[in-house]
2 protein chains.
Amino acid sequence: MNLIYVVGIGPGGESQMTLQARQALEECDVIVGYTVYVELLKEILPDKEYLETPMRQEEKRCRMVFEEARKGRKVAMACSGDAGVYGMAGLMMELEGDYPDCQVRAIPGVTAALAGGALLGAPLVHDFVVVSLSDLLTPWEKIEKRLRYGAAADFSICIYNPSSRKRGDYLRRACDILLEEMEGERVCGLACRIGREGERCEILTLKELRERHVDMFTTVFIGNSQTKRMGEKMVTPRGYHLSEQQEG
Amino acid sequence: MNLIYVVGIGPGGESQMTLQARQALEECDVIVGYTVYVELLKEILPDKEYLETPMRQEEKRCRMVFEEARKGRKVAMACSGDAGVYGMAGLMMELEGDYPDCQVRAIPGVTAALAGGALLGAPLVHDFVVVSLSDLLTPWEKIEKRLRYGAAADFSICIYNPSSRKRGDYLRRACDILLEEMEGERVCGLACRIGREGERCEILTLKELRERHVDMFTTVFIGNSQTKRMGEKMVTPRGYHLSEQQEG
């Protein structure tokens, strides 16, 4: 049986990778991934063979991994963040049935919701939703419904893929939906290039967020009705009152 | 300025901790946490001073951390999973204002949604919600609304704190709400004692989940309408069709 790792390498540099992820990559002969992550990994593990792939053509890339593994080589597919959150773990497991001599194992990692949250403070301490604004594989109506229902049920909301070249106004459209359910002063946050050069974060209101252009390396946070700005931090309380009756 | 780390140590053993988390703990003189996590850490870092605290009394525990730090000692508060997901990062930052000579920094970690997801397959590849069933600080009506709206918007759902001594029937109550919005055959998963001794996972239907008693070390996963059982894995596709037009 050829074991294939799908590894979440965390948001950026080596320090946010788990030991398990690092070990899995070290065990491998070949590491496959998007160019930008491969460049990061080459600095950490220079002696591996790397196969770089551009965005898109993801099924083809996955099948390439299975074909390499069948040659008896140990292969890892590297994903930024967590391999199971908008990552390749799902597609690899969907295709696994076509390769009965291969077995796919996911190694979890710190996804942008967590790393960006820590950078901003603690925006996701209580119940939250994660929504991607990419409508390549999801109808926009469904994304819209998820935003609307997430807001109506007072979840904190973390938005992935807020923007791309072709979707320049999607964040504004998302904000317009949210503004139907919540006030313009709602506390929001941006985390950009987490764990990489140029890392920065910013706290702003939903009204301000609506006017903002962000790039594809940005993760967006919308607070729930209890979220506060405390100095330079965005903090969501765990419940309605500080109390000696909390549970871990 | 006394820097205090609130560190997410991941779900279990050392291997699922990030390098950054490990380094932060190594820098510290004192590590504070629940007894069960302190026991895990003592094996990894035996030379630290540990302050163990039982569940509850969390504000008191946080203030103890600030008081230790003001003595000039380097203190870390250790949380399982991610410090910012039902963890202590929020409360520490809420209290930070009372201690102007202290600064709190969160170090992210792999939360149970990610680690449990990897164990089960890839249940959270697309949009998802995270909901806790603990109603100590959240009215049950609000939890119910979040479950209902999460289901109605076709999110995958990850449930934390599905059970405790006093809340033996809460998972059943949650399933009854979900069953109003989705079919009894919906693919669900359980991940128990992730990364620790006795780790196990199980895939089952929502109808079966309703009859199941789980303990407080279990994380529950409810698939969205597209989630499939593929052999021993629970997999949510990234979108509606496999395609060469996907985005990372």
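Definitions and limits used
- Residues numbered from 1 in each chain as written.
- Chains lettered and ligands numbered in written order.
- Predicted model: local features only at pLDDT ≥ 70, side-chain atom pairs only at ≥ 80, totals over all residues.
- Heavy atoms only, no water.
- Pairing = 2+ DSSP bridges.
- Helix = DSSP H or I, 4+ residues; strand = E, 2+ residues; numbered from the N terminus.
- Salt bridge = Lys/Arg side-chain N within 4 Å of Asp/Glu carboxyl O.
- Buried < 20%, exposed > 50% of the residue type's maximum accessible area, 1.4 Å probe, protein only.
- pLDDT = per-residue confidence, 0-100.
- Contact = heavy atoms within 4.5 Å.
- Axes fitted to C-alpha atoms, helices over the stretch in contact; angles between N-to-C directions.
- Parallel < 35°, antiparallel > 145°, perpendicular 65-115°, else oblique.
- Left-handed = near helix turned anticlockwise from the far one by under 90°.
- Nonpolar A, V, L, I, M, F, W, Y, C, P; charged D, E, K, R; others polar.
- Buried area = accessible area lost by both parts, 1.4 Å probe.
- Polar contact = N/O pair within 3.5 Å; in protein donor to acceptor, adjacent residues only side chain to side chain.
- Least-squares fit on C-alpha atoms with pLDDT ≥ 70 in both.
- Right-handed = clockwise from strand over helix to strand, strands pointing away.

### A closer look at the sheet that holds strand β13 (residues 233–235) of chain B
With mixed pairing, the 3 strands of this open sheet are ordered in space as β6-β13-β12 (chain B). Two strands bound the open sheet, and with one partner strand each, they are β6 (121–122) and β12 (228–230) of chain B.

### Some thoughts on the pattern of salt bridges
Residue and element names in this part refer to chain A. Applying the stated criterion across every chain yields a total of 59 salt bridges over all chains. A salt bridge links E27 to K74; the nearest nitrogen and oxygen atoms lie 2.9 Å apart. Of this pair, E27 sits in helix α1 (residues 19–27) while K74 sits in the loop between α3 (58–70) and β4 (75–79), placing them 47 residues apart in sequence. Judged by relative accessible area, K74 falls into the partly exposed class, the value being 26%. Each member of the salt-bridge network shares a partner with another, and the members are E49, E68, K71 and R73.

### Examining the confidence of the model for chain A
Residues and elements named next belong to chain A. Put simply, chain A has an average pLDDT of 92, and 95% of its residues get 70 or more. Counted against residues more than four places away or in other chains, residues 242–248, with its pLDDT under 50, gives 31 contacts. For this predicted complex, the interface confidence comes out at an ipTM of 0.94, alongside a pTM of 0.95.

### Focus: the packing of helix α6 (residues 140–152) of chain B against helix α7 (residues 170–181) of chain B
All names here are of chain B. For the pair α6 and α7, the least separation of the axes is 9 Å and the interaxial angle reads 40 degrees. By the angle between their directions, the pair α6 and α7 is classed as oblique. The two elements α6 and α7 cross, and the hand of that crossing is right-handed. Contact residues: W140, E144, L147, R148, A151 and A152 in α6; Y170, R173, A174, I177, L178, E180 and E181 in α7. In terms of residue class, the contact of α6 with α7 is built from 8 nonpolar, no polar and 5 charged.

### Here we look at unusual backbone geometry
All names here are of chain A. Positive phi, normally seen in glycine, also occurs at D154, with a value near 60 degrees. Relative to the elements of secondary structure, D154 occurs in the loop between α6 (140–152) and β8 (156–160). Its identity as a non-glycine residue notwithstanding, N161 has a phi of 50 degrees, on the positive side. Positionally, N161 belongs in the loop between β8 and α7 (170–181). Residue classification places N161 among the buried positions, given a relative accessible area of 17%.

### Quick look at the interface of chain A and chain B
With 81 residues of chain A in contact, the opposing surface of chain B contributes 81 residues. For the pair chain A and chain B, the summed buried area comes to about 7500 Å², and 56% of that belongs to carbon and sulfur atoms. Between chain A and chain B we count 12 salt bridges in total. In this assembly, chain A and chain B are joined by 42 residue pairs in polar contact (both at pLDDT 80 or more). Residues of the side of chain A that touches chain B, tallied by class, amount to 37 nonpolar, 25 polar and 19 charged.

### So, the sheet that holds strand β4 (residues 75–79) of chain B
Residues and elements named next belong to chain B. Within the open sheet, the 5 strands sit side by side as β3-β2-β4-β1-β5. Their pairing is parallel. Where the open sheet ends on each side, the last strands, each with one partner, are β3 (49–53) and β5 (102–107). Strand after strand, the sheet turns through a mean of 20 degrees between neighbouring axes, direction not considered. Note that strand β1 (residues 2–8) and β5 share 6 bridges and pair parallel. Bridge pairing links I4 to V104 in β5. In the packing of helix α1 (residues 19–27) onto the sheet, the strands contacted are β1, β2 (30–34), β4 and β5, and the crossing angle to β1 comes to about 135 degrees. Helix α3 (residues 58–70) contacts β1, β2, β3, β4 and β5 of the sheet and is inclined by roughly 180 degrees relative to β2.

### Comments concerning the relation of the copies chain A and chain B
Of the transformation superimposing chain A on chain B, the axial component is 0.0 Å and the angular component is 180 degrees, with the fit at an RMSD of 0.0 Å. What the superposition gives is, in effect, a two-fold axis relating one chain to the other. Mapped onto chain B, 100% of the interface residues of chain A are again interface residues, and the two copies thus contact each other with one and the same surface.

### Concerning the pairing of β3 of chain B
In this sheet, β3 of chain B lies alongside β2 of chain B in parallel orientation, the contact comprising 5 bridges. Opposite Y34 of chain B, over in β3 of chain B, you have T53 of chain B as the bridge partner.

### Re the environment of C79 of chain B
Residues and elements named next belong to chain B. Position of C79 relative to the elements: it lies in strand β4. Residue classification places C79 among the buried residues on the basis of a relative accessible area of 6%. With 10 residues separating them along the chain, C79 and A69 place their C-alpha atoms 18 Å apart. Each residue touching C79, except ones within four places of it in the same chain, is listed here: V6, V7, G8, I9 and M88.

### A look at the pairing of β8 of chain A
Residues and elements named next belong to chain A. Within β8, 5 of the 5 residues are buried, leaving the element largely enclosed by the surrounding structure. Residue alternation in β8 divides its side chains into two sets, S156, C158 and Y160 and I157 and I159, and both sets are buried. As paired elements, strand β7 (residues 128–132) and β8 share 5 bridges and run parallel to each other. Among the inter-strand pairings, V130 is bridged to a residue of β8, identified as C158. Note on the crossover from β7 through α6 to β8: the handedness is right-handed. Pairing geometry for β8 and strand β11 (residues 218–222), over 3 bridges, is antiparallel. When the bridges of β11 are listed, I157 appears paired with I222.

### Brief notes about the environment of Y149 of chain A
Inspection of the secondary structure assignment puts Y149 of chain A in helix α6. Between the C-alpha atom of Y149 of chain A and that of D127 of chain A, which follows or precedes it by 22 residues, the distance is 13 Å. Sequence-distant contacts of Y149 of chain A, defined by excluding residues within four places in its chain, comprise Y149, A152 and A153 of chain B.

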